[in-house]
Amino acid sequence: MKLHSKILLGLIVGLIAGIITNQYLGSGAQPGLEFFISNITDPIGQIFLRLLFMIVVPLVFASLALGVANLGDMGTLGKIGIRTLIYFLVLTVIATFIGLFLVQVFQPGKNFDPAVQARLMEVYGEGSSEVIGRSKEIEFTIMTFVNMILPRNILRAIVDMQMLPIILLSLLFGIMLTKMKPPEVDSMKRGLTGLNEFSIRIVDMTMEIAPFAVPCLIFGVSARFGLEILKPLGMYVLLVFTGYVIHMAVVYSILLRTVAGVNPWKFFKAIKPIMITAFSTSSSNATLPTTIRVSEEDLHIAPKIAGFVLPLGATSNMNGTSLYEGLTVLFIAQIFGVDLSLTQQAMVVVMTVLTAIGTAGIPGGSLPLIVLVLQTVGVPAEGIGIILGVDRILDMGRTVVNVTGDVTAAAYIAKTQGEPARFD
Ligand code: ASP
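Position numbers for residues start from 1 in each chain and track the written sequence from start to end. Note on the predicted model: pLDDT of at least 70 is required for a residue's local features to be given, and 80 or more for side-chain atom pairs to be given and counted; whole-chain, interface and lining totals, by contrast, use all residues. Side-chain measures were taken over the full set of non-hydrogen atoms in the model, leaving aside hydrogen atoms and water.

Caption draft 1: Spotlight on the overall build of the chain. Scanning the chain from N- to C-terminus turns up 18 helices and zero strands. Radius of gyration here uses only the C-alpha atoms, and the compact-globule reference equals 2.2 Å multiplied by the residue count raised to the power 0.38. In terms of overall size, the chain behaves like a compact globule, its C-alpha atoms giving a radius of gyration of 21 Å where 424 residues would be expected to give roughly 22 Å. In terms of overall dimensions, the chain has a C-alpha envelope of 70 × 50 × 45 Å along the principal axes. When the 424 residues of the chain are sorted by exposure, 53% land in the buried category. Residues are treated as being in contact if the distance between any of their heavy atoms lies within 4.5 Å. The long-range fraction of contacts in the chain, counting pairs at least 24 apart against all pairs at least 6 apart in sequence, stands at 86%. Elements are defined by DSSP. Helices are runs of H or I of four residues or more, strands are runs of E of two residues or more, and each kind is numbered from the N terminus. Exposed residues in this analysis have more than 50% of their type's maximum accessible area, buried residues have under 20%, and partly exposed residues fall in between, with area computed by a 1.4 Å probe over protein chains only.

Caption draft 2: Structural view of unusual backbone geometry. Here P182 and P183 are connected by a cis peptide whose omega angle stands at 5°. Mapped onto the elements, P183 comes out in the loop between α8 (163-179) and α9 (184-224). In the Ramachandran plot, S282 falls in the positive-phi region, its phi being about 55° despite a non-glycine side chain. Along the polypeptide, S282 turns up in the loop between α12 (272-281) and α13 (284-297).

Caption draft 3: Region of interest: helix α16 (residues 342-358). For α16, with 17 residues, the first-to-last C-alpha span of 24 Å sits near the 24 Å given by 1.5 Å per residue. Of all the residues in α16, the buried ones are V348, V349, M351, T352, V353, T355 and A356. Expected helix span is computed as 1.5 Å times (number of residues minus one).

Caption draft 4: Representation of the side chain of T290 within the structure. Inspection of the secondary structure puts T290 in helix α13. In this structure T290 comes out as buried when scored by relative accessible area, which is 0%. For T290, the residues in contact, after removing those within four places along its chain, are L52, V203, M207, P273, I274 and T277.

Caption draft 5: Representation of the side chain of T84 in the model. Mapping T84 onto the fold places it in helix α3 (residues 74-106). Judged by its relative accessible area of 0%, T84 is buried. With near-sequence residues (within four places) excluded, T84 lies in contact with F308, V309 and I413.

Structure (structure tokens):
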């Protein structure tokens, strides 16, 4: 059996076992189950996750710096950079519109039962206060952007795994390498190649334990996740997933066939390990090592392109997140009976796109940012409590859309550089 089939099987087993356990034990915290999850399944899942996280910084640094150094000249880098950013922006906007279209047409928040609304807000009140608290720490000033990209202390940024400064440092390193002369530049490049190779090997090793770790991660989520919560929010959850499917099956497929020149079916088959890792970790950052490895080894995307586009994508290209954010803000507005004017809706689009770009690639990374959008258009922030119970399952889906979008971007850029992705 191929590794990705084993991982997929593990995912299905974990999911079914979790759902059955939950059905059998009923919702609400069960001491025995909690003990099993926190002492058995969570630790196994965390070993897998942490091995992946451990390798993100060296892998991004080596592959991005080497990628830029191998691109050779600044002109090519500039062209690729601008194309990549425009692609990210256009796709984020398209995803937002899909979400808004669905929520406007089906109006899942109209006539929402007030008793259910009150109960959900009460049950998840603590969670929403915590999310609202986190949102208060975010401000949008010019200095915020400067700090986000160029912190005072680069080592602290690395320790905290803030991706934008790490990307900037790697870019600068690569750019400076193009200006240096042999023999120094050769030994630097050899060192980076070694670091890259080392990181990829760690990823390969980590993926070997995925068939055991993925079911553990999924079991923990699905056993705690009562299916009960799906009843009142079923329509909303269904719409969000419909949006994800439309974005992947229609938008990505068309782009893959037209601008990236690859067969979408073969593409999705090849990136299965990426999608499964994203689904089970809910984190673009944790998936990044797998994304880079599969893109380079199975799609044959040149490392100089994968190393450049994928880390940028994992940090700023979040199509699933923007789709989900726009849909969720309007859903909560509908529940509260807040009628948004056209200007306010335009505001939702702009804010959703900006906040999706700023979302951290971690589980629940977009939640505090949704609170900001809610507040901007005058919807009570506590409303976030209504969807908190189903957020994890939606997060699993949106992370898949997010990382798939990054790989489609890499495939597109590869094509524009005359080295399209292949599957042999
Ligand atoms: N979990 C998502 C990701 O890592 C971010 C989000 O919460 O939307 O891509």
